[in-house]
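# Observations on the three-dimensional arrangement
So the chains spell out like this:
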Amino acid sequence: MNLLQQKIITEGQVLSDSILKVDSFLNHQIDPQLMKYIGEEFAGLFAEAGITKILTIESSGIAPSVMAGLSLGVPVVFARKRKSLTLVDQLYSSKVYSFTKNETNEISIANSYITSDDVVLVIDDFLANGQAALGLIDIVEQAGATAAGVGIVIEKGFQNGGNLIRERGIRVESLAIIDSLSDGIVTFKGENSR
Ligand code: 5GP
């Protein structure tokens, strides 16, 4: 069991059969030591991929992405969920439906931050139905850049997002893959039970 899996077991709260709360280290309070480990893991996995930029989405994708960017020596761009006063440039935008929040957000980046020369690693905190990651991949494609792969901190393997992205021939690397949250118990892929 890796450091992240141990943290999920000790601090994660199973809110339902499909939702895991990890506010104590990823979604509200952030554990910098764990983020450093996560960043180094992503950097190792994609070391040979020629990554020139990381693309993530605010807000919970930012911490793991910054640490991965530090390890890989590349900048990190985060898509915004709300139009900001300063986001006045030409934009790449994509619509992202959230099943957990039952709302659609238009995510955007200024088009100057990703160009057709970029090889992009998409990073996010969770992979559930894949809409956030697919929206980010859509932005990479609008820019004419190359999507080198997707790095996910926690994939819920019992939801369809991983399949949707892998079916498109895009590499997905998840640092923890959860097979089940049934009965309040976290079961990782390859484990029978805990
Ligand atoms: P997707 O677009 O893959 O359906 O969902 C990904 C986004 O939904 C993530 O960026 C994350 O913010 C949120 N999310 C989905 N499932 C969970 C969950 O079980 N726990 C938490 N904390 N966030 C989740």
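Just above sits the structure.
Anyway, here's the lowdown on the structure attached to this text.

What counts, and at which threshold
Residues numbered from 1 in each chain as written. Predicted model: local features only at pLDDT ≥ 70, side-chain atom pairs only at ≥ 80, totals over all residues. Heavy atoms only, no water. Buried < 20%, exposed > 50% of the residue type's maximum accessible area, 1.4 Å probe, protein only. Helix = DSSP H or I, 4+ residues; strand = E, 2+ residues; numbered from the N terminus. Contact = heavy atoms within 4.5 Å. Near = heavy atom within 4 Å. Polar contact = N/O pair within 3.5 Å; in protein donor to acceptor, adjacent residues only side chain to side chain. Areas by Shrake-Rupley, 256 points an atom, 1.4 Å probe, with all protein chains shown as cover. Nonpolar A, V, L, I, M, F, W, Y, C, P; charged D, E, K, R; others polar. Salt bridge = Lys/Arg side-chain N within 4 Å of Asp/Glu carboxyl O.

## Focus: helix 4 (residues 62-72)
- Considered for burial, the residues of helix 4 that qualify are Ala-63, Pro-64, Ser-65, Ala-68 and Gly-69.
- Buried-residue contacts for helix 4 involve helix 2 (23-27), helix 3 (32-45), strand 3 (53-57), strand 4 (76-79), strand 7 (119-127) and strand 8 (146-156).

## A few points about the site of the ligand
- Leu-20, Ala-128, Asn-129, Gly-130 and Lys-156 are the nearest of the 15 residues found near the ligand.
- Note that an oxygen atom of the ligand is positioned 2.7 Å from one of the backbone N or O atoms of Gly-130.
- Summarising the interface, the protein chains cover 84% of the accessible area of the ligand, which totals 510 Å² for the free molecule.
- Listed by contribution, the elements that provide at least two residues to the shell around the ligand are strand 7 and helix 5 (131-142).
- Of the residues assigned to the shell around the ligand, the class counts are six nonpolar, six polar and three charged.

## As for the pattern of salt bridges
- Summed over the entire model, instances satisfying the criterion amount to nine salt bridges.
- Across the pair Lys-36 and Glu-40 runs a salt bridge whose closest N-O atoms are separated by 3.5 Å. Here Lys-36 and its partner Glu-40 are both found in helix 3, four residues apart, which amounts to about one turn of the helix.
- The partly exposed category is assigned to Lys-36, whose relative accessible area is 39%.
- In this structure, Lys-53 engages Asp-118 in a salt bridge whose closest nitrogen and oxygen atoms are separated by 4.0 Å. Of the two residues, Lys-53 sits in strand 3 while Asp-118 sits in the loop between strand 6 (103-110) and strand 7, which places them 65 residues apart along the sequence. In this pair, the class of Lys-53 matches that of Asp-118, namely buried.

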